[in-house]
Amino acid sequence: MRIAVGMISHETNTFSPIPTTLESFAEERVGVLNGDEVIETMTGRKSGIGGFIEVGQQQGWTMVGTVAAGATPSANVDASAYTELKTRMLNRLKSEGPFDGVLLHLHGAMLAENAPDAEGDLCQAVREVIGPDVPLFVELDLHGNITPNFCQAVDAVFAYNTNPHIDAWERGVETAEHLAKLLNGEIARPTVSISKPPMLPPTINMRTAEGPMQRILARGWEWEKRPEILDVSVFGGFPYADFDLAGTAILVTSTDRAAGEECAKDVGGFAWEIREEFLKRIAPVEQAVQQALEIVDQSPGKPVSLADVADNPGGGGSGDTPELLRELVKRGASGAVACVWDPETVEKAQQIGLGNSGAFRIGGKATDAYGAPVEVEGTVGHLSDGHFVGEGPVVRGQPVNCGPTARIDVGDLKIVVTSIRHAANDQGYFRVAGVEPQDQPLLMIKSRGHFRADFEPISHSIIEVDAPGAANPTLDRYTFNNVRRPIWPLDPDTTWTP
Ligand SMILES: [Zn+2]
């Protein structure tokens, strides 16, 4: 059996000030992998493709790499970058085919300038090359904005079950194992059914350990007890995408179309019923910092973590919005911050030199829309090349490259500044700048939710902050021109019957 494998992954935030070019993909953890490099590099990795390969080895498949590329969330993928990656994938499928099956790891919320429904466009193009008879199985992120056009092109879909996402490898294994069952004649060829309630919930309350996502997943798992329902994938959706079909979707992969449709309708209806649970009020900057400092005063021991959710680079935030940092500096807080994306400040720190002091303007450089740089007198506390290997559950075993990294110490506040933009989803983002996060009274973390997997166990408490940024949970602060209307919660009176 010859199985083609590939990945083109991006979560597009159309409100992000950061452009997405081919270089954005190239500077990521593993860069852009082409052809055989995909298999060589990804074998043994705890990633989606690593899971595909592991099953392929057990099955004795010949695994053929196409292209593997992923970039940190940012604005619309530029047309040339999307076309280039898509063409590389299609060319490999043509030159190395025919195949017995295709396994792709995609995000689901990629939006290219020349293909707003990028995964739909990509999978339709893959389908054209491989023909109608070759199974195309796809692993996706549960933040995908999934379309009927995409569902038509694929045979089976397996979305992450966890948020923070700690099951990319497990879902990769599950995707490939189902392909093996089909190829070994143990199951009939599946189809994918979709339910798409008119809802665009913010991502702030999409954790899977509790709350509405947990309840919707549980509803799906009841259905999965039936043998014809292979998988129920629950997509909360990604709301920072001014895209017609953004929002929640339920995808059901089944060997019985009618049962799949019934299941999608039921689970989609349930998601709609409990939609209000996705909304959450969080504290504005001054109030959040005040609350954090009070807890620090009362209960020394574990750090209090402030999550700068609205500037989550993992959701398209620039990673350099200044308002929360400004307040910490103003209040003379003790603790550490990870990580502010600001190559200019890193360069200045290198010029000034380790142990020396100077004037810095930190953050606020990607756009002036979310606040001006924070002006401080600081000491260069640490300089490094920004490389480390993740140890927490989200980045486990993966090499991370922050680019040249500096730590600016302002009083007792240690500010980690990187040259490459990252959400601080691992304690390594502090340690790379010589900070042991557990020893800090207070942490400020630029991330929405994935940091929880590694920071919840070491934190006294976590406070989510309502600050300016490209990923704020209050959606009516953004102007949507393309999302279908009416849609909840932008139009609170929206009605729908599944
Ligand atoms: Zn996600």
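All figures in this text were calculated on a predicted structure; none of them were measured in a lab.

Quick look at the overall build of the protein now. Of regular secondary structure, the protein possesses 14 helices and 20 strands. Across its three principal directions, the C-alpha atoms of the protein cover 65 × 50 × 40 Å. Out of the 498 residues belonging to the protein, those deemed buried represent 58%. Excluding contacts between residues fewer than 6 apart, the proportion of contacts in the protein whose partners are at least 24 apart in sequence is 78%.

With that settled, the discussion passes to the environment of I458. Its location among the elements puts I458 in the loop between α14 (452–455) and β20 (461–466). Judged by the 16 C-beta atoms lying within 10 Å of it, I458 falls in the partly exposed class. For the pair I458 and G301, spaced 157 residues apart in sequence, the C-alpha to C-alpha distance is 9.8 Å. Sequence-distant contacts of I458, defined by excluding residues within four places in its chain, comprise K302, P303, P437 and Q438.

What follows concerns the pairing of strand β14 (residues 374–384). Here 6 bridges tie strand β13 (residues 357–362) to β14, and the two strands are oriented antiparallel to one another. Paired with I362 across the strands is V374, a residue of β14. Here β14 pairs with strand β17 (residues 405–410) via 5 bridges, running antiparallel. Note on β17: the bridge partner recorded for L383 is A406.

Contact pair helix α4 (residues 79–96) / helix α5 (residues 118–130): the axes reach a minimum separation of 10 Å and the direction vectors enclose 25°. Taken together, the axes of α4 and α5 lie roughly parallel to each other. For the crossing formed where α4 meets α5, the hand is right-handed. Contacts from Y82, K86, L90, L93 and K94 of α4 reach α5 at A118, L122, A125, V126, V129 and I130. Considering only residue class, the contact of α4 with α5 consists of 9 nonpolar, no polar and 2 charged.

Running from amino to carboxyl end, helix α3 (residues 48–59) crosses helix α7 (residues 168–183) at an angle of 40°, the nearest separation of the two axes being 7 Å. Classified by the interaxial angle, the pair formed by α3 and α7 is oblique. Relative to α7, α3 is oriented so that their crossing is right-handed. From α3, G48, I49, G50, G51, F52, E54, V55, G56 and Q59 reach across to α7, where they touch A168, W169, E170, R171, G172, V173, T175, A176, E177 and A180. Of the residues in the contact of α3 with α7, the class split is 8 nonpolar, 7 polar and 4 charged.

Turning our attention to the nonpolar core. Grouped together as the largest cluster of nonpolar side chains are 157 residues, with contacts concentrated most on V154, L251, L306 and V416. There are two domains that each give this core at least three residues, and those are domain 1 (2–278) and domain 2 (283–472). If sequence neighbours within four positions are ignored, V154 has contacts with C123, L136, V138 and V192.

This paragraph deals with the sheet that holds strand β3 (residues 62–70). What the 6 strands build is an open sheet, ordered β2-β3-β1-β4-β5-β6; its pairing is mixed. Of all strands in the sheet, those with a lone pairing partner are β2 (33–34) and β6 (156–159), marking the two edges. Two elements, strand β5 (residues 136–140) and β6, share 4 bridges in a ladder whose sense is parallel. Each bridged residue has a counterpart across the sheet, and for V138 the counterpart in β6 is V157.

Before going further, it helps to spend a moment on the domain arrangement of the protein. It is common to give the size of an interface as the accessible area that goes away when the parts come together. Taken domain by domain, the protein consists of domain 1 (2–278) and domain 2 (283–472). The distance between the C-alpha centroids of domain 1 and domain 2 comes to 31 Å. Listed as interface residues are 20 residues of domain 1 and, on the opposing side, 27 residues of domain 2. For the side of domain 1 that touches domain 2, the per-class residue count stands at 8 nonpolar, 7 polar and 5 charged.

Those residues of helix α12 (residues 343–352) not exposed but buried are T345, V346 and A349. One face of α12 carries all of its buried residues, which in axial projection span an arc of 105°. Residues of α12 that are buried in the fold lie against β13, β14, β17 and β18 (413–418). Looking one or two residues beyond α12, the residue adopting positive phi is G353, at roughly 95°.

This part covers the sheet that holds strand β19 (residues 442–445). The sheet built from 9 strands is open, its strands ordered β10-β20-β11-β19-β12-β18-β17-β14-β13 with mixed pairing. Both outer strands of the open sheet, β10 (283–284) and β13, are each paired with one neighbouring strand and no more. The strands that α12 touches are β13, β14, β17 and β18; relative to β17, the one it contacts most, it runs at about 80°.

Further remarks concern the environment of K181. Topologically, K181 is positioned in helix α7. Sequence spacing of K181 and N34 is 147 residues, and the spatial spacing of their C-alpha atoms is 28 Å.

Counting buried positions over the 6 residues of strand β9 (residues 249–254) gives 6, a clear majority of the element. Note that strand β7 (residues 191–195) and β9 share 5 bridges and pair antiparallel. Across the sheet, the residue bridging to S195 is I250, located in β9. Pairing analysis gives 6 bridges linking strand β8 (residues 229–235) to β9, with the strands arranged antiparallel.

Cut-offs and rules
- Residues numbered from 1 in each chain as written.
- Predicted model: local features only at pLDDT ≥ 70, side-chain atom pairs only at ≥ 80, totals over all residues.
- Helix = DSSP H or I, 4+ residues; strand = E, 2+ residues; numbered from the N terminus.
- Buried ≥ 20, exposed ≤ 12 C-beta atoms within 10 Å, placed from the backbone.
- Contact = placed C-beta atoms within 7 Å.
- Pairing = 2+ DSSP bridges.
- Axes fitted to C-alpha atoms, helices over the stretch in contact; angles between N-to-C directions.
- Parallel < 35°, antiparallel > 145°, perpendicular 65-115°, else oblique.
- Left-handed = near helix turned anticlockwise from the far one by under 90°.
- Nonpolar A, V, L, I, M, F, W, Y, C, P; charged D, E, K, R; others polar.
- Core = buried A, V, L, I, M, F, W, Y, C linked by C-beta atoms within 7 Å.
- Domains from an automatic or database assignment.
- Arc of directions from axis to C-beta.

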